[in-house]
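Remarks on the overall topology
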Amino acid sequence: MRAERPTFFRRRSQSVAVIEKRKLLVTSKQDLSKLRGTPPSYAWPTVRTYHVTTFGCQMNEHDSERMKGMLESLGYMEAESQDQADLILFNTCSIRENADNRLTAYLGHAKRIKREHPDRIVGVGGCWAQSIKEEVFARFPFVDVAFGPGQVHKLAEFLTSDSITAQGFFEFEGFTGRLPAKRAREFQGWVQISVGCNSVCAYCIVPSTRGREVSRDPGELVSEVRRIADDGVREVTLLGQNVNSYGRDLPGDERASFAELLARVDAIDGIDRIRYTSPHPKDMREDVIRAHAELPALCEHIPLPLQSGSSAVLKRMRRTYTRERYLDRVAMIREHVPDCALTTDVIVGFPGESDADFAQTLTLAEDVAYDGAFTFIYSPRRGTEAATLPDQIPHELKVERLERLVEVIQRRARERAQRFVGRTVEVLVEGPSRTDPSRLRGRSRHNKVVNFTGLGAVGELVQVEVTRATSQTLSGHESILSRAAV
Ligand code: 5AD
Ligand code: SF4
């Protein structure tokens, strides 16, 4: 199904002369080679450069990788900073207010650059751009181009098109997944399995920005993972707003469930680890949970967004599960994969959340003992149902609740992490430790950050003996025995 929404637009007031110049100068790689023989005034004086700043979620990180891959295939090179870039891009998020504030500060910097160098192009993409659409240009008149999430391929069209005048002509019709990706790390890749979301969570802006859920063809996804595995990717993260409703919109003969997709990805040579984000508890079925016990590459980590521990709040959030049903899912996970790491997302201060509702969230967090959690202060987003609900909670009360929740989450996570002390865990080496560059840093299959002493190379899987565990990180040393055996 297609979401027929205009999602890509250009500042109307931009002068035709400037557009004409760009049309000549911003070209595809192929056109660049044609231009080599043309007079210097038609070619870029130097290689064009870009800089992308990313806000928000992993989906945005993923879109940014696609953006970078696309720009490089168009002959652009990445600049180290905004100041050095011909094309300054922002991939925005509107989930949380503080991302907006940071964005405004960054845009202020881009404005100063643009004032000094009017030929530079400033582009704003992602959910926030989508949510305010043309207002981007009213509020930030120096912005040249704006586009919605998942519209990276349209950015390519903007940069290469012969006709870039059609405001509102860009509609959703594809996936960024089909563009070449520039991966931040050679050994880790992200693959978008679906876009959009069919849920209508009252606080969430995604349904209005990303539209209804559309799944990608499983055969195409398997080929893509095979391709990136051949390129050296050994850990793949499957992305979607609700990964476990994957496939339901596909025609009967092409349909694959999320569990089936996981099995097909698991069978690909070279893929040692599979992760995914995020499932919806209402769609978390036994087949996916069993897959964690049965598929060797599927990591022992399930992110299971709770949002609230109160059934009354969940109902007003339109989450379509109750506290009891959520706890049933947790019990099923613990039954089939007892050691599985469980993480979550929680929102405090949803409109009308009473002290008793919040106490239910605290007791649930206490009982489940998550391995980690993203905790959010409810922030009203324009155009969402919850923004219009009565009984908005005062900010100070939200902050107080957040602090109380974080205390429970961290204490329980620290306690639960002690199960790793004395164990040897497999770690995918990501680079030097952030706090002590003489040590290494990586991630365990349970998605714990592990800081350790050892000889592992970046991208290598090593065995680490864990000697200490905090709520968020493990520390230890590489197992000499396992290294000697290599
Ligand atoms: N306010 C606070 N948190 C939110 N989230 C989504 N929308 C909002 C909002 N309006 C959180 C949810 C979601 C995570 C990605 O962001 O917990 O799971
Ligand atoms: Fe938003 Fe709910 Fe869809 Fe997640 S499931 S993207 S919170 S509407």
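Everything below is about the structure printed above this text.
What counts as what
- Residues numbered from 1 in each chain as written.
- Chains lettered and ligands numbered in written order.
- Predicted model: local features only at pLDDT ≥ 70, side-chain atom pairs only at ≥ 80, totals over all residues.
- Heavy atoms only, no water.
- Pairing = 2+ DSSP bridges.
- Helix = DSSP H or I, 4+ residues; strand = E, 2+ residues; numbered from the N terminus.
- Axes fitted to C-alpha atoms, helices over the stretch in contact; angles between N-to-C directions.
- Contact = heavy atoms within 4.5 Å.
- Disulfide = S-S within 2.5 Å.
- Salt bridge = Lys/Arg side-chain N within 4 Å of Asp/Glu carboxyl O.
- Buried < 20%, exposed > 50% of the residue type's maximum accessible area, 1.4 Å probe, protein only.
- Core = buried A, V, L, I, M, F, W, Y, C linked by side-chain atoms within 4.5 Å.
- Phe/Tyr/Trp six-rings, centres within 6.5 Å; stacked < 30°, edge-to-face > 60°.
- Near = heavy atom within 4 Å.
- Polar contact = N/O pair within 3.5 Å; in protein donor to acceptor, adjacent residues only side chain to side chain.
- Areas by Shrake-Rupley, 256 points an atom, 1.4 Å probe, with all protein chains shown as cover.
- Nonpolar A, V, L, I, M, F, W, Y, C, P; charged D, E, K, R; others polar.

As for the sheet that holds strand β11 (residues 235-239)
Read from one edge to the other, the open sheet built from three strands follows the order β8-β11-β12, with strand pairing classed as parallel. Where the open sheet ends on each side, the last strands, each with one partner, are β8 (188-192) and β12 (273-277). Neighbour-to-neighbour, the strand axes of the sheet open up by a mean angle of 20°, direction not taken into account. In this structure, β8 lies alongside β11, joined through five bridges in parallel fashion. Bridge pairing in β11 places G189 opposite V236. Helix α10 (residues 258-266) contacts β11 and β12 of the sheet and is inclined by roughly 150° relative to β12.

Focus on the state of the cysteines
Taken as a whole, this structure holds zero disulfides when the rule is applied. Note on C340: no disulfide assigned, nearest cysteine sulfur contributed by C299 at a separation of 9.7 Å.

Comments concerning the pattern of salt bridges
Under the criterion given, the structure shown has 26 salt bridges. A salt bridge links R48 to D86, with the shortest nitrogen-to-oxygen separation between them at 3.4 Å. With R48 in the loop between α2 (29-35) and β2 (49-54) and D86 in the loop between β3 (77-78) and β4 (87-92), this pair connects stretches of sequence that are 38 residues apart. Since its relative accessible area comes to 10%, R48 is described here as buried. For D86, a relative accessible area of 14% translates into the label buried. Here R411 makes a salt bridge to E366, at a shortest N to O gap of 2.9 Å. With R411 in helix α15 (residues 395-417) and E366 in helix α14 (residues 355-368), the pair connects residues that are 45 residues apart, well separated along the chain. By relative accessible area, R411 is classed as partly exposed at 24%.

Things to note about the nonpolar core
Membership of the largest hydrophobic core comes to 66 residues, with the highest contact counts inside it found for L238, F258, L262 and Y276. By size, the runner-up hydrophobic cluster in this structure holds 21 residues, among which are A85, F90, V124 and V143.

Section: the packing of aromatic side chains
Both the distance between ring centres and the angle between the ring planes are used here to describe each pair of aromatic rings. Here the structure, examined in full by the defined rule, presents seven aromatic pairs. With 5.4 Å between their ring centres and 90° between their planes, F55 and Y106 make a pair best called edge-to-face. Residue F55 is found in the loop between β2 and α3 (58-73), and its partner Y106 is found in helix α4 (residues 97-116); the two are separated by 51 residues along the sequence. Taking the centre distance of 5.9 Å and the plane angle of 35° together, the rings of Y321 and Y326 count as tilted. Across the pair, exposure class does not vary: Y321 and Y326 are buried alike. Three or more aromatic residues link up through ring pairs in this structure, and these residues are W128, F140 and F142.

A look at the sheet that holds strand β14 (residues 341-348)
A sheet is described by the order of its strands in space; here three strands give the open sequence β13-β14-β15, paired in parallel fashion. Bordering the open sheet on either side are β13 (301-303) and β15 (372-377), each of which pairs with just one other strand. Averaged over neighbouring strand pairs, the angle between their axes works out to 10° when direction is ignored.

Here we look at the site of ligand 1
The local shell around ligand 1 holds ten residues, among which Y203, Q307, D345, F376 and S379 are the closest. Within the side chain of D345, one N or O atom sits 2.6 Å away from an oxygen atom of ligand 1. Contact with the protein chains hides 86% of the accessible area of ligand 1, taken as 410 Å² for the molecule alone. At the level of elements, β14 and β15 are the ones that each hand at least two residues to the shell around ligand 1. Class assignment for the residues of the shell around ligand 1 results in six nonpolar, two polar and two charged.

Examining the site of ligand 2
Near ligand 2, the surroundings consist of C197, S199, C201, Y203, C204, V206, P207, Q241, H280 and R319. A class-by-class count of the residues in the shell around ligand 2 yields six nonpolar, three polar and one charged.

Quick look at the environment of T53
Of note, T53 is situated in strand β2. Accessibility expressed as a relative area gives 8% for T53, which makes it buried. Between the C-alpha atoms of T53 and T92, which are 39 residues apart in sequence, the distance is 8.3 Å. If near-sequence neighbours (up to four positions away) are discounted, T53 is found in contact with Q82, L89, F90, N91 and Y106.

Observations concerning unusual backbone geometry
Looking along the chain, the bond that leaves T277 and enters S278 is cis, with omega of -10°. The residue R318 is not glycine, and still its phi comes out positive at about 60°. Topologically, R318 is positioned in the loop between α12 (311-317) and α13 (323-336). Assessed through its relative accessible area of 41%, R318 is described here as partly exposed. Although it is not a glycine, A369 sits at a positive phi angle of roughly 55°. Mapping A369 onto the fold places it in the loop between α14 and β15.

Keep in mind that these numbers describe shape and distance, not what the molecule does.
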